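Summary of the model geometry
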Amino acid sequence: MWKNSDHFNNKNRTKRYSVFCLLKIGAQVYDSDLLIVDNAVTDICLENATIFEEAGPDFQLKVEVYSCSCEDDVLTLTNTPRKLVKKLKTSVGKSTGKKFSSALDRSNLETPLLTETVLPGVKCSLLASVSLRLEDARDGFSAHSLTLVGKEESPFWLPLYGSVCCRLVAQPYCMTRDAMAGFLNQQQSAGIPGAWRRRYCVLRGARLLCYSAPEEREADAEPALSVSINRGTRIRPVDTEAGKKTNNFSVINSEAGEATAQVFAAESREDLCRWMEAFWQHFFDFSQWKHCCEEFMTMEIRSPRKPPLFLAGEAASVYQELTEAHARSPVLKLNSVS
């Protein structure tokens, strides 16, 4: 956060600032923890994860940084406890003690001192902001340029480097929820009559999971078959002939330059229509959320806080730590609406 000259040459200054962030997507607004920083702090680190439950693929996440200068505390006798009042009366110097004594003699020591004070409100000003979109979501740690709003002569000014480092995670519903579930018949060997097996199939994320029974799914067991589903997958109806299953369709993927297919059969025309609609909706969601549907983006459990400064090594900028595990970084998670 601070320039080298500010950080290493001016550590004796007591100027402090309050800093927090607002994170907004449409009408959803969240605030971060309020931090007190001075020029002994190299980076402003906000460790909490912020989760937006409803976000579409066209979302715009605005991160705003606010700050204000912390004025020195003023010593007052407002609401001073009775025992402390007595100590003040006897522990200060003669001239000051006489002033306290005359004031305290006119008041009742059995009750706290009550004085009318005016507490000025704290005004935080917008310091910088950045807008993040779908293309900024990824499974790793990245830096984004801030647009500075404040000026150096402003009382709330902080000498920011001009960047914010965070991890933006997008978890569309098509990756976190079952898009379709039901029984399908899977062809075991092409051209062999009766070579079909009834499977309980679940379309979820980038996979069509095939179980022997629904109980295996409920027990979170390994599926008997897992078929890849991605933006390159093709669903094709299979021509039917006498003696073969009806309502057939094939799931075609390209592997190592060759097309491989798994053939399934729905148990009725209505089931076939429901599966086809689920596949088309799934592919549409994939086209909207793009790279966020290639692999599931996980939210890491945050690591423990950094040790105190007297246990830590030499202070370093966050830009010197970009290669560390991204689990240490703040997380902005998006749960989508399809």
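Notes on the structure follow. Just so we're clear, the structure is a prediction, and the values are computed from it rather than from any experiment.

**As for the state of the cysteines**
Under the defined criterion, the tally for this structure stands at zero disulfides. With no disulfide of its own, Cys68 has Cys124 as its nearest cysteine by sulfur position, at a separation of 3.7 Å. The class for Cys68 is buried, based on a relative accessible area of 6%. On the basis of relative accessibility, which here comes to 27%, the residue Cys124 falls in the partly exposed class.

**Structural notes on the packing of aromatic side chains**
The full count for this structure, using the stated rule, is eight aromatic pairs. Here the aromatic rings of Phe249 and Phe279 are separated by 5.9 Å at their centres, their planes lie at 65°, and the arrangement is edge-to-face. Pair noted here: Phe249 is in strand 15 (residues 248-255) and Phe279 is in helix 6 (residues 269-289), with a separation of 30 residues, a long-range link. Under the relative-accessibility criterion, Phe279 is labelled buried at 0%. Residues Trp275 and Phe279 carry aromatic rings whose centres are separated by 6.1 Å and whose planes lie at 35° to one another, so their mutual orientation is tilted. Residue Trp275 and its partner Phe279 are both found in helix 6; the two are separated by four residues, about one turn of the helix. Grouped by ring-pair contacts, the aromatic residues Phe249, Phe264, Trp275, Phe279, Trp280 and Phe283 constitute a single cluster. If you follow Arg177 out to its NZ or CZ, it ends over the ring of Tyr173, 3.7 Å from the centre. The ring centre of Phe183 lies 3.8 Å from the NZ or CZ of Arg198, which sits over that ring.

Rules of the game
- Residue numbering note: each chain is counted from 1, following its sequence as written.
- Confidence filtering applies because this is a predicted model: local features only for residues at pLDDT of at least 70, side-chain atom pairs given and counted only at 80 or more, and all residues used for totals across whole chains, interfaces and linings.
- Heavy atoms from the whole structure form the basis of all side-chain values; hydrogens and water molecules are not counted.
- In what follows, a disulfide is any cysteine sulfur pair within 2.5 Å.
- Only protein chains enter the accessibility calculation, which uses a 1.4 Å probe; a residue whose area is less than 20% of its type maximum is buried, one above 50% is exposed, and one in between is partly exposed.
- When two rings of Phe, Tyr or Trp (its six-membered ring) have centres within 6.5 Å they constitute a pair, described as stacked for plane angles under 30 degrees, edge-to-face for angles over 60, and tilted for the intermediate range.
- The helix and strand labels rest on DSSP assignments: H or I over at least four residues marks a helix, E over at least two residues marks a strand, and numbering proceeds from the N terminus.
- Charges are assigned to positions over rings by a cutoff of 6 Å between ring centre and Lys NZ or Arg CZ, combined with an angular limit of 35 degrees from the ring normal.

Geometric descriptors of this kind do not, in isolation, establish any biological role.
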